[in-house]
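Structural overview for review
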Amino acid sequence: MNSVTGWFGWFGECFFCQRPSNRQHSNSTTLSPVSLDNTKIGSETVIVKSGRRICGSGGALGDTPLNQDKTYFEIKVQASGVWGVGVASRDVCLDKAPLGTDNHSWLLRHDGTCWHGNEPIATLSIVPSEGDIIGITFDHVQLQFYVNGKLADGCVASNLHTQVYPVFYVDDGAIIDVNFEKFYYEPPQGYSCIMKEQDML
């Protein structure tokens, strides 16, 4: 954040901005609640709404690894700014946005570019904006993104041979809500919500 005014601006928005719209959610559910991990966040990252909203400055991991064959999760861009979403190992540094500057994360950034190893690796065919729903699919071969239910071609990470978690970051006033269940859009065929290990037995 660049000023005291900016600091208090995002702080107020985190706690007082409106709830998501009343758009109909699908009936997807999970047996155990998945949320953002309060032990794996940046030093200036703020998590609210029972682990479902991220604001402040920095990143956060989900509390559950993507171990099943095909997983789906979503974000809603509640307030524009600098933000990103993707997957990362637990070695990723979450203190400074943007992520995607190391070999531990694969990220879609707010401008529609995808980053890994501090290099752009692809660009989406659709650039997300405030209010959009971003869907993420991961099957250990490909990482793909959907914007308002439509596949945004051009962003694929292939053959990730490491354990990864959902990862998110915000800065410059951005606020994103994370959906691990009760999705705005039905997951693509064969994909489902993230399940904790005991639910997969």
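Our structure is the block above this text.
Residues numbered from 1 in each chain as written. Predicted model: local features only at pLDDT ≥ 70, side-chain atom pairs only at ≥ 80, totals over all residues. Heavy atoms only, no water.

This next bit is on the pairing of strand β6 (residues 105-109). For β6, a buried count of 5 out of 5 residues is recorded, marking the element as mostly surrounded by other parts of the structure. What you see with β6 is no split at all: S105, L107 and R109 on one side and W106 and L108 on the other are buried throughout. Here strand β5 (residues 82-88) runs beside β6; their pairing, made up of 5 bridges, is antiparallel. Among the inter-strand pairings, V87 is bridged to a residue of β6, identified as W106. Judged from the 2 bridges that link them, β6 and strand β7 (residues 113-116) form a sheet pairing that is antiparallel. (Buried < 20%, exposed > 50% of the residue type's maximum accessible area, 1.4 Å probe, protein only. Helix = DSSP H or I, 4+ residues; strand = E, 2+ residues; numbered from the N terminus. Pairing = 2+ DSSP bridges.)

Positionally, S57 belongs in strand β3 (residues 53-62). The residues touching S57, leaving out its near neighbours within four places in the chain, are E44, T45, D95, V170 and D171. (Contact = heavy atoms within 4.5 Å.)

Look at the link from A97 to P98: it is a cis peptide, with omega at 5°. If you trace the backbone, P98 turns up in the loop between β5 and β6. One non-glycine residue, H140, lies in positive phi territory at about 75°. For K182, which is not glycine, the phi torsion reads 50° and is therefore positive.

Now for the environment of V82. Looking at the element boundaries, V82 is found in strand β5. Between the C-alpha atoms of V82 and A97, which are 15 residues apart in sequence, the distance is 8.0 Å. The contact partners of V82, leaving out residues within four places of it in the chain, are H110, Y169, V170, D171, D172 and A174.

Under the defined criterion, the tally for this structure stands at 4 aromatic pairs. Seen in terms of ring centroids, Y72 and F183 are 4.9 Å apart; in terms of plane orientation they differ by 85°. Their pairing is edge-to-face. Here the residue Y72 occupies a position in strand β4 (residues 71-79), and F183 occupies one in the segment after β13 (175-179), the gap between them amounting to 111 residues. Here Y72 and F183 have matching classes, each one buried. With centroids separated by 6.3 Å and ring planes inclined at 40°, the aromatic side chains of F73 and F180 adopt a geometry described as tilted. Of this pair, F73 sits in strand β4 while F180 is found in the segment after β13, placing the two residues 107 residues apart along the sequence. Judged by its relative accessible area of 0%, F73 is buried. (Phe/Tyr/Trp six-rings, centres within 6.5 Å; stacked < 30°, edge-to-face > 60°.)

Another point: the pattern of salt bridges. Under the criterion given, the structure shown has 5 salt bridges. Among the salt bridges present, the one from R52 reaches E181, with a minimum N-O distance of 3.5 Å. Of this pair, R52 sits in the loop between β2 (44-48) and β3 while E181 sits in the segment after β13, and the two are 129 residues apart along the sequence. The salt bridge involving R53 is made with D177; its shortest N-O contact spans 2.6 Å. Of the two residues, R53 sits in strand β3 while D177 sits in strand β13, which places them 124 residues apart along the sequence. Taking relative accessible area as the criterion, D177 reaches 5% and is therefore assigned buried. (Salt bridge = Lys/Arg side-chain N within 4 Å of Asp/Glu carboxyl O.)

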